[in-house]
Amino acid sequence: MGGDIHDHSGSRAVLVGTSEYADRRFPPIPAVVNSLRGMAEVLTDPGLCGWPEERVEVWQDPTDMRRLVQNLRRVAEDTTGVLLVYFAGHGTITRRGQLCMILKDTDFTDTDVTGLEFERLREVLLDSPARTKIVILDCCYSGRAIEALSSTVVDSTDIHGAYTLTASDHTAHVVALDRQADTPTSFTAEFLDLVRTGVAGGPEWLTMNDLYSHLRRRLRRRGLPAPNQRGTDTAIHNPFVRNRAADLPPEPPEPLSRTRVGRRVVLAAGLAVVAVPTAFFLVEAVRRPRSPNPSPKAKRNVLAGHTGAVNSVAFSRDGKTLASGSADGGIRLWDVASGVATAVLAGHAGGVNSVAFSPDWRTLASGGADGGVRLWDVTSGTATAVLTGHTGAVNSVTFNGSGSLLASGGADRSARLWTVASRSTAATLTDRPAIVNAVRFGTDGTVLLTAYGDGHVRFWNTGTHRKMGLLTIHSASSVNAISVDGRGIIALGNSPGGVTLWDGNGKAHEETPALTTGSPVNAVVHHPTRRRLAVATSDGGIQLWDTRTHKPLGPPLTGHTGGVTSLAFTPDGGTLASGGLDRTSRLWRTG
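Residues numbered from 1 in each chain as written. Predicted model: local features only at pLDDT ≥ 70, side-chain atom pairs only at ≥ 80, totals over all residues. Heavy atoms only, no water.

*Asks:* Teacher, can you tell me more about the overall build of the chain here?
*Replies:* When helices and strands are counted, the chain shows eight helices and 43 strands. A total of 591 residues make up the chain; the buried ones form 61% of that total. The long-range share in the chain, meaning contacts at least 24 apart out of those at least 6 apart in sequence, stands at 59%. For the chain, the computed accessible surface area is about 22,300 Å², with 48% contributed by carbon and sulfur atoms. (Helix = DSSP H or I, 4+ residues; strand = E, 2+ residues; numbered from the N terminus. Buried < 20%, exposed > 50% of the residue type's maximum accessible area, 1.4 Å probe, protein only. Contact = heavy atoms within 4.5 Å. Areas by Shrake-Rupley, 256 points an atom, 1.4 Å probe, with all protein chains shown as cover.)

*Asks:* What am I meant to see in the pattern of salt bridges here?
*Replies:* Where charged atoms from two side chains of opposite charge come close, those side chains can pair. Here the structure, examined in full by the defined rule, presents 16 salt bridges. For aspartate 431, the salt bridge identified is with lysine 467, shortest N-O distance 3.0 Å. With aspartate 431 in the loop between strand 28 (424–430) and strand 29 (436–441) and lysine 467 in strand 32 (residues 467–472), the pair connects residues that are 36 residues apart, well separated along the chain. Classification of lysine 467 as partly exposed rests on a relative accessible area of 45%. Put simply, aspartate 546 and arginine 548 hold a salt bridge, and the shortest N to O gap is 3.6 Å. The class for aspartate 546 is buried, based on a relative accessible area of 11%. Taken together, the shared-partner salt bridges connect Arg12, Glu57 and Asp78 into one network. (Salt bridge = Lys/Arg side-chain N within 4 Å of Asp/Glu carboxyl O.)

*Asks:* Can you walk me through the sheet that holds strand 28 in this structure?
*Replies:* The pairing of strands in a sheet comes from backbone hydrogen bonds and takes either a parallel or an antiparallel form. Spatially, four strands are ordered 25-26-27-28 in an open sheet, and the strand pairing comes out antiparallel. Each having just a single partner strand, strand 25 (394–399) and strand 28 make up the two edges of the open sheet. Pairs of neighbouring strands in the sheet enclose a mean axial angle of 20°, with direction left out of account. Here five bridges tie strand 25 to strand 26 (residues 405–410), and the two strands are oriented antiparallel to one another. Paired with phenylalanine 399 across the strands is leucine 406, a residue of strand 26. (Pairing = 2+ DSSP bridges. Axes fitted to C-alpha atoms, helices over the stretch in contact; angles between N-to-C directions.)

*Asks:* What am I meant to see in the packing of helix 2 (residues 65–77) against helix 4 (residues 118–127) here?
*Replies:* The description of two helices packed together rests on the angle between their axes and the distance between the axes. In the contact formed by helix 2 and helix 4, the axes pass within 9 Å of each other and the chain directions differ by 20°. Of the possible angle classes, the one that applies to helix 2 and helix 4 is roughly parallel. Considering the relative orientation of helix 2 and helix 4, their crossing is right-handed. Contacts between helix 2 and helix 4 involve Met65, Val69, Leu72, Arg73 and Ala76 from the first element and Arg120, Leu121 and Val124 from the second. Looking at the contact of helix 2 with helix 4, its residues break down into six nonpolar, no polar and two charged. (Parallel < 35°, antiparallel > 145°, perpendicular 65-115°, else oblique. Left-handed = near helix turned anticlockwise from the far one by under 90°. Nonpolar A, V, L, I, M, F, W, Y, C, P; charged D, E, K, R; others polar.)

*Asks:* Can you help me understand the nonpolar core in this one?
*Replies:* One broad rule of soluble globular proteins: the nonpolar side chains tend to lie buried together. Of all hydrophobic cores here, the largest spans 44 residues; its most connected members are Phe191 and Phe240. Here phenylalanine 191 is in contact with Met39, Ile136, Leu165, Met208, Leu211, Leu215 and Phe240, once residues within four sequence places are set aside. In terms of nonpolar packing, the next biggest core, distinct from the first, is built from 24 residues, Met65, Val75, Val85 and Leu125 among them. (Core = buried A, V, L, I, M, F, W, Y, C linked by side-chain atoms within 4.5 Å.)

*Asks:* Just to check I follow, could you spell out helix 4 for this structure?
*Replies:* In an α-helix, one turn spans 3.6 residues, which is why side chains three or four residues apart end up on the same side. Along helix 4, the positions that sit buried rather than exposed are Phe118, Leu121, Arg122, Val124 and Leu125. For helix 4, the angular spread of buried residues about the axis comes to 160°, placing them on one side. (Arc of directions from axis to C-beta.)

*Asks:* Which parts of the structure should I look at to understand helix 1 (residues 31–44)?
*Replies:* An ideal rise of 1.5 Å per residue puts 20 Å on 14 residues; helix 1 measures up with 20 Å between its terminal C-alpha atoms. Of all the 14 residues making up helix 1, ten are buried; the element is thus mostly covered by neighbouring parts of the structure. Those residues of helix 1 lying buried are Ala31, Val32, Asn34, Ser35, Leu36, Gly38, Met39, Ala40, Val42 and Leu43. (Expected span 1.5 Å × (residues − 1).)

*Asks:* Looking at this structure, how should I read the pairing of strand 18 (residues 321–326)?
*Replies:* Where a strand is regular, its side chains alternate between the two sheet faces. With respect to burial, strand 18 is a largely interior element, six of its six residues being buried. Of the two faces of strand 18, the one lined by Thr321, Ala323 and Gly325 and the one lined by Leu322, Ser324 and Ser326 are each fully buried. With five bridges connecting them, strand 17 (residues 310–315) and strand 18 associate as antiparallel partners. Along strand 18, the bridge assignment pairs valine 310 with serine 326. Counted along the chain from strand 17 to the antiparallel partner strand 18, the turn is five residues long, and its residue glycine 319 has a positive phi close to 75°. Sheet topology places strand 18 next to strand 19 (residues 330–335); five bridges connect them, and they run antiparallel. Directly across from alanine 323, in strand 19, lies its bridge partner leucine 333. In this structure, the hairpin formed by strand 18 and strand 19 is closed by a connection of three residues, where glycine 329 is found at a positive phi of approximately 90°.

*Asks:* Mind showing me how you'd approach the environment of tyrosine 163 here?
*Replies:* In this fold, tyrosine 163 is placed in strand 8 (residues 162–166). Tyrosine 163 sits in the buried class, given a relative accessible area of 1%. Considering only alpha carbons, one finds tyrosine 163 and asparagine 209, 46 residues apart in sequence, at a separation of 9.3 Å. Once residues lying within four places of it in the same chain are set aside, the contact partners of tyrosine 163 are Lys133, Ile134, Val135, Met208, Tyr212, Gln229, Arg230, Gly231, Ala235 and Ile236. Within the structure, the side chain of tyrosine 163 is placed 2.7 Å from the side chain of glutamine 229, a separation counted as a polar contact. (Polar contact = N/O pair within 3.5 Å; in protein donor to acceptor, adjacent residues only side chain to side chain.)

Here is the structure:
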């Protein structure tokens, strides 16, 4: 590479992966072993990348962060050609908002000093004399590496030849634990298959940029998290792999998805971005034997039509309409009685992460991966306003009880209050150096709760916009979901897996016993009339809990074939809706 694309004498590749963890709060990922093996195979295959075996090192389940950084530095200092660093395993965000890669001996409560912060890897890259630096990260929140490199390695006039490919800005994905023995992690599996099969009609040698567009399309088709990339011209166009399909006829371009609903035709070409903000790999559900009635009191209807993961669901006040927001960039309105889609709303330039009806259900709010907040007229299906201000993906939107205020929170580490009548910003709320995963108003609307990816929840006065209390969930690396019931009981769903219940509406913070789920919690919602809580987890399960006894009510509601991302009850509590990575919404009769 460089002058001679076949010369790897000055190149080094370091493949790092963590499949098992001493701290049990980090779930094991056996698939990482297959990811490491597959990456080494394609790099050293003479018919593909053609690296000499002695130039490729595999570091599986490393310990001792300091020694790992020292070893990386020695390799980087010795590299003059291509320096490739690959990592697969858990990733999380530290309290300073930094991406941290989890090692075998990383302590759950002190990840910043026992894990590998990307900042340390960035410094290694800066000091290396390598002509081309390639970083491939298959872990949660790996998109943070793009931010770190964009202000230094990539955009610096002194440092050239840097390229970064990341699996997800939020949660990465892996198949169920019982299927990981024979497969890599999902992002790496698609990458390896693409490298091995090639691009029909493409050039003889494929660059990382060539691979990226096809990789993103493959992941979108499967409803998986969208990758990200950044690189300079010298690195992004550097030949990486011989194209085995160069002599085949090129594939026809992918058409825009055309959806007909009634008399309306909607054209949508949104990017597939899955934004389920948990700190660990999102694990597919273990495939359980199906039964004709999974719970004696729960029957389900399946709403299918989205081409990407369903990230959010919400009911209208009368319970007759369900809205679903998807990674395919669209929003669908469903007639609950018939299960038929009555409208498709298109406008976001990327996935839709959150939807919420106004109290009068005439307006629907949506937050997207494009950083925009949109207001829609439910009757006409047209966008009435686009609220701008967030500089990153919007993860959550919610109205207050009167519909006069809208709150949003996102990846730019801020929450915003919007005055609905004037379509203007009422306040920008910044506090923690971490992603805002969820926002919810208290029962009387005078308090706003913001949940962060560092395990904290802040209370804000919506009138003065001042900070109030701060909850620290010591058992959580990330708080992913909030629900507040009519009595002011607050439920917080977290990673690595659990729900804590708190008394008070931002006034009395007495923690009650936690509900343990064993898998990261993506959504929680209180039953509107009974002391019940529905909890959705990344293993595809939905469980109803009694909030007084803290015990499950009946068996789990099963049916989703991927992680469940969102939940909503009808106002009467008779129906529960769920959305998931399997691209479906489901209706469960729970009353």
